[in-house]
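Observations on the three-dimensional arrangement
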Amino acid sequence: MTADSIEFECELPDPPEKVWRALTVPDLLAAWMMPNNIKPEIGSRFAFAKADAPIECEILDAKPERLLRYSWRERPAPGNAADPLTSPLDSPMDSLMDSIVTFTLDRTVSGGTHLRIVHDGFARVATPAVAGAGCRLSLNAHSPRQTIAANTPRLILRAA
């Protein structure tokens, strides 16, 4: 994990098969994240449809029900200059910046899933959407403006 990464871990009651589907089936992923055209095959490119500009991604590693890793490239909206205080993925030196998102799924003794999410290179002013109860979160990006929402795993499982 790097100095500008976010790490999130949680125990989910559902098996890795269900969590994997929520991460890799476009309609299920869209239900808790954003519309997309993901295809979980190494080298495939996909995008998350965002109102102002798509988030461009490429699958870097995919091991069904165990590991999903993809690049994340978010461009600033047309006409918006990169501002490191309001655009966490934009570098002031460049109009776009790549980061890497990794989902690791491990089956628990009870048949559920230990889910670990790491967003490396997320930058200085992250606003993660992560869960609360029963989960551990490490914000390695040191910023007083970081906030935490408490819904992601429940939304993942509702979607699947």
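Residues numbered from 1 in each chain as written. Predicted model: local features only at pLDDT ≥ 70, side-chain atom pairs only at ≥ 80, totals over all residues. Heavy atoms only, no water.

**Comments concerning the confidence of the model for the protein chain**
Under the convention used in this document: pLDDT measures the predictor's confidence residue by residue and takes values from 0 up to 100. Pairs of residues are marked as contacts when any of their non-hydrogen atoms sit within 4.5 Å.
When pLDDT is averaged across the protein chain, the result is 75; 60% of the residues are at 70 or more. Scored below 50 in pLDDT, residues 81-95 makes 30 contacts in the model with residues more than four places away or belonging to other chains. The low-confidence segment residues 124-151, where pLDDT is below 50, has 70 contacts with residues more than four positions distant or belonging to other chains.

**Observations regarding the environment of I55**
Short version of the rule: Going along the chain from the N terminus, every DSSP run of H or I of four or more residues is numbered as a helix, and every run of E of two or more is numbered as a strand. For every residue, the accessible area obtained with a 1.4 Å probe (protein chains only) is divided by the maximum for its type, and the residue is called buried under 20%, exposed over 50%, and partly exposed between those limits.
By the secondary structure assignment, I55 is in strand β3 (residues 55-63). Looking at I55, the relative accessible area reads 1%, which means it is buried. Among residues more than four places away in sequence, those in contact with I55 are M34, F46, A47, F48, K50, W72, R73 and E74.

**Some thoughts on the nonpolar core**
Most often, soluble globular proteins have nonpolar side chains that are buried together. Keep this limit in mind: Only buried Ala, Val, Leu, Ile, Met, Phe, Trp, Tyr and Cys residues count toward a nonpolar core, and they belong to the same one when joined by side-chain atoms within 4.5 Å.
Core analysis: the biggest nonpolar cluster contains 25 residues, and F48, L68, Y70, W72 and F103 have the highest contact counts within it. Beyond its immediate sequence surroundings of up to four residues, L68 is in contact with W20, L23, T24, I38, I59, D61, A62, V101, T102 and F103.

**Quick look at the side chain of S44**
The residue S44 is located in the loop between α2 (26-32) and β2 (45-48) in this model. Leaving out residues up to four positions away in the same chain, S44 has contacts with K39, C57, E58 and I59.

**Description of the pattern of salt bridges**
Test applied: The working definition used for a salt bridge is a side-chain nitrogen of Lys or Arg within 4 Å of a carboxyl oxygen of Asp or Glu.
Counted under the stated rule, the structure contains eleven salt bridges. In this structure, the salt-bridge partner of E17 is R107, at a minimum N-O distance of 2.3 Å. Of this pair, E17 sits in helix α1 (residues 16-24) while R107 sits in strand β5 (residues 97-107); the two residues are 90 residues apart in sequence, bridging distant segments of the chain. The salt bridge involving K50 is made with D52; its shortest N-O contact spans 3.8 Å. Judged by relative accessible area, which is 27%, K50 ranks as partly exposed.

**Side note on the pairing of β2**
What counts here: Two strands are counted as paired when DSSP detects at least two bridges linking them.
Of the two faces of β2, the one holding F46 and F48 is buried and the one holding R45 and A47 is not buried anywhere. In terms of strand pairing, β2 meets β3 through four bridges, oriented antiparallel. Bridged to A47 within β3 is E56.

**Points about the packing of aromatic side chains**
Centre-to-centre distance and the angle between the planes together describe a pair of aromatic rings. To keep it simple, the criterion reads: Aromatic pairing here means that ring centres of Phe, Tyr or Trp (its six-membered ring) are within 6.5 Å. Orientation follows from the plane angle: under 30 degrees is stacked, over 60 is edge-to-face, and everything else is tilted.
Enumeration according to the criterion identifies five aromatic pairs in this entry. Ring geometry for F46 and Y70: centres 5.2 Å apart, planes at 85 degrees, overall edge-to-face. Of this pair, F46 sits in strand β2 while Y70 is found in strand β4 (residues 67-74), placing the two residues 24 residues apart along the sequence. In this structure, F46 and Y70 share a single accessibility class: buried. Taken together, a centroid distance of 6.0 Å and an interplanar angle of 40 degrees make the contact between Y70 and F103 tilted.

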